[in-house]
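Structure at a glance
Here is how the chains run, residue by residue.
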Amino acid sequence: MTRALILGGTGNANALAAALVRAKIDAIYSYAGRTQIPLPHALPTRVGGFGGVDGLANFIREAAITHVVDATHPFAAEMSRNAAIACAAIGVPLLALERAPWTRTAGDHWIEVADIAGAVAALPERPARVFLAIGRQHIAPFAQRPQHAYTLRFVDAPDGALPLPDAEVIVSRGPFTQEGDLALMRERGIEWLVARNAGGDGARAKIDAARELGLPVIMIARPELAERPRVASVDEVLAWLSHDARLGA
């Protein structure tokens with residue numbers, strides 16, 4: 001019998017969870033628990049880390065998992081690496097449900113950087129109004145550039161003081177619209193956007209809005225991961241689970 005472990009916490013993972021319920025495929029949904037109010041779904045859920053590769057491997061064995069689907073955020077590199085190592089070690093098939101990254105189009109003014117440190121370095125020396133759309137776990141390094149006025153957008157309100165001396169927090173959950181993000185950037189006089197290349201449609205609005213306004217975008221590249229089987233749609237995951245197919249990249 002198939003029993004899947006969904007490594008989730010994303011819109012894609014929630015869409016997959018709903019599809020598994022409809023298809024009556026046994027599965028457990030796991031997410032890290034960084035979001036206080038996660039998106040609802042109907043699968044049995046576990047919250048929190050596994051304790052590294054060994055902890056994940058032990059959980060897969062004890063829960064009689066037959067298939068693992070990595071539907072985490074494209075920047076959840078540690079979890080993705082642990083899943084690949086654990087599944088290879090115990091012989092359980094792994095598939096990544098991964099949305100395609102955004103690509104530069106005509107009118108984009110991207111400064112592509114490898115990581116957060118590169119994004120900090122790419123900001124201008126002169127004071128500017130910056131939309132920092134990278135999640136709350138990664139803002140501390142921007143304290144090195146205290147001259148800027150930052151606009152931050154979080155799913156949950158911060159639970160303590162921010163490390164940035166001039167910061168406004170917007171608490172909101174996507175998906176967002178281009179019209180809404182255009183209004184946000186215009187109202188706050190945004191001059192620069194910093195974003196991670198998450199891909200997909202749910203967070204793309206800010207990229208399209210920046211293009212329309214002619215703003216520079218500091219685009220942080222995805223972390224490098226070892227090659228693994230991956231698909232881009234829920235239907236492909238269902239086919240893999242139903243037929244135990246080993247789909248390539």
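Going by the structure above, here's the rest.
Thresholds applied
Residues numbered from 1 in each chain as written. Predicted model: local features only at pLDDT ≥ 70, side-chain atom pairs only at ≥ 80, totals over all residues. Heavy atoms only, no water. Helix = DSSP H or I, 4+ residues; strand = E, 2+ residues; numbered from the N terminus. Expected span 1.5 Å × (residues − 1). Buried < 20%, exposed > 50% of the residue type's maximum accessible area, 1.4 Å probe, protein only. Contact = heavy atoms within 4.5 Å. Pairing = 2+ DSSP bridges. Axes fitted to C-alpha atoms, helices over the stretch in contact; angles between N-to-C directions. 1 Å grid on protein atoms, 1.4 Å probe; cavity = no way out; pocket = protein on both sides within 12 Å on 5 of 7 lines; lining within 4 Å. Points joined across faces, edges and corners; volume = space filled by probe spheres on them.

1. A short note on helix α3 (residues 77–90)
- Given a rise of 1.5 Å per residue, 14 residues ought to cover 20 Å, and the 20 Å separating the end C-alpha atoms of α3 matches this to within 8%.
- Considered for burial, the residues of α3 that qualify are Ala77, Ser80, Asn82, Ala83, Ala86 and Cys87.
- Contact partners of the buried residues in α3: β1 (3–7), α2 (52–62), β4 (67–70) and β5 (94–97).
- Gly91 lies just past α3 and shows a positive phi near 75°.

2. Points about the sheet that holds strand β3 (residues 45–47)
- With parallel pairing, the six strands of this open sheet are ordered in space as β3-β2-β1-β4-β5-β12. Of all strands in the sheet, those bounded by a partner on one side alone are β3 and β12 (230–231).
- Sheet topology places β4 next to β5; three bridges connect them, and they run parallel. Bridge pairing in β5 places Val69 opposite Leu95.
- The sheet contacts of α2 involve β1, β2 (26–31), β3 and β4, and relative to β1 the element is tilted by about 150°.

3. Let's talk about the layout of surface pockets
- There is about 180 Å³ of room inside the second largest pocket.
- Taken together, 17 residues make up the lining of the second largest pocket; nearest its centre are Pro74, Glu98, Arg222, Leu225 and Arg228.

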